[in-house]
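Coordinates in review
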Amino acid sequence: MNSKLFFTLILLFGFLVSAIAQILLKKSTKKEYASKIEEYLNPYVIISYAIFFGATLCTVIAYKKVDLSFGPILGTTEYIFVAVLSRLVLKEHISLKKIIGLGVIIVGIVIFKL
């Protein structure tokens, strides 16, 4: 495996774990808390921010070899990850508009890479 592909996979992994952190934060908002401190210092929130930190490290490491112009294009995969994880974990409905939008994102990524 060449280094550019390896670092691209690290970047995608960072976007995936960032999407996981977003799902955890959303789960956190579905609970009632006795105080604002408990709302911000619960396990879901703390773990989510730790995951965001890890995702940021993945991004910084990946940009050593990934073209700077390609990073934001790959960043749109996070929308796909969030939609799929929302469906799987939170049992949210994915509307036809969202499916079309996700399809446009995928087509955009493919066109950019060609």
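Residues numbered from 1 in each chain as written. Predicted model: local features only at pLDDT ≥ 70, side-chain atom pairs only at ≥ 80, totals over all residues. Heavy atoms only, no water.

1. Some words on the overall build of the protein chain
Within the protein chain, the secondary structure is distributed over six helices and zero strands. For the protein chain, the N- to C-terminal ordering of α and β elements is α-α-α-α-α-α. With the C-alpha coordinates of the protein chain rotated into their principal frame, the extents come out at 50 × 35 × 20 Å. Residues classed as buried in the protein chain amount to 30% of the 114 residues present. Counting every atom, the protein chain has about 7700 Å² of accessible surface; 72% of that belongs to carbon and sulfur. (Helix = DSSP H or I, 4+ residues; strand = E, 2+ residues; numbered from the N terminus. Buried < 20%, exposed > 50% of the residue type's maximum accessible area, 1.4 Å probe, protein only. Areas by Shrake-Rupley, 256 points an atom, 1.4 Å probe, with all protein chains shown as cover.)

2. Some words on unusual backbone geometry
Peptide bonds are, in most cases, trans, and in most cases residues other than glycine have a negative phi. In this structure, K91 takes a positive phi of about 60° despite not being glycine. Along the chain, the position of K91 falls in the loop between α5 (77–89) and α6 (96–113). A residue is classified by how much of its surface remains accessible, and K91, at 62% relative accessible area, is exposed.

3. Observations regarding the side chain of E78
In this fold, E78 is placed in helix α5. In contact with E78, other than residues within four places in its own chain, are F15, S18, A19 and Q22. (Contact = heavy atoms within 4.5 Å.)

4. Comments concerning the packing of aromatic side chains
A full pass over the atoms with the stated rule returns three aromatic pairs. Measuring from centroid to centroid gives 5.6 Å for F6 and F7, while their planes differ by 85°, and the two rings are edge-to-face. Considering the side-chain rings of Y49 and F52, the 5.9 Å spacing of their centres and the 55° angle between planes classify their relative orientation as tilted. Of this pair, Y49 and F52 are both found in helix α3 (residues 43–62), three residues apart, which corresponds to roughly one turn of the helix. Y49 sits in the exposed class, given a relative accessible area of 51%. (Phe/Tyr/Trp six-rings, centres within 6.5 Å; stacked < 30°, edge-to-face > 60°.)

5. A closer look at the nonpolar core
If you look at the biggest cluster of nonpolar residues, it comprises nine residues: F7, I10, L11, F15, C58, A62, V66, F70 and L74. At the level of elements, α1 (3–29) and α3 are the ones that each hand at least two residues to this core. The biggest single contributor to this core is α1, with four residues. With near-sequence residues (within four places) excluded, F15 lies in contact with G71, L74, G75, T77, E78 and F81. (Core = buried A, V, L, I, M, F, W, Y, C linked by side-chain atoms within 4.5 Å.)

6. Topic: the packing of α1 against α3
Orientation of α1 relative to α3, taken along the N-to-C sense of each, is 165°, at an axis distance of 8 Å. Between α1 and α3, the interaxial angle falls into the category roughly antiparallel. The two elements α1 and α3 cross, and the hand of that crossing is left-handed. Here the residues of the contact of α1 with α3 sort into 19 nonpolar, six polar and one charged. (Axes fitted to C-alpha atoms, helices over the stretch in contact; angles between N-to-C directions. Parallel < 35°, antiparallel > 145°, perpendicular 65-115°, else oblique. Left-handed = near helix turned anticlockwise from the far one by under 90°. Nonpolar A, V, L, I, M, F, W, Y, C, P; charged D, E, K, R; others polar.)

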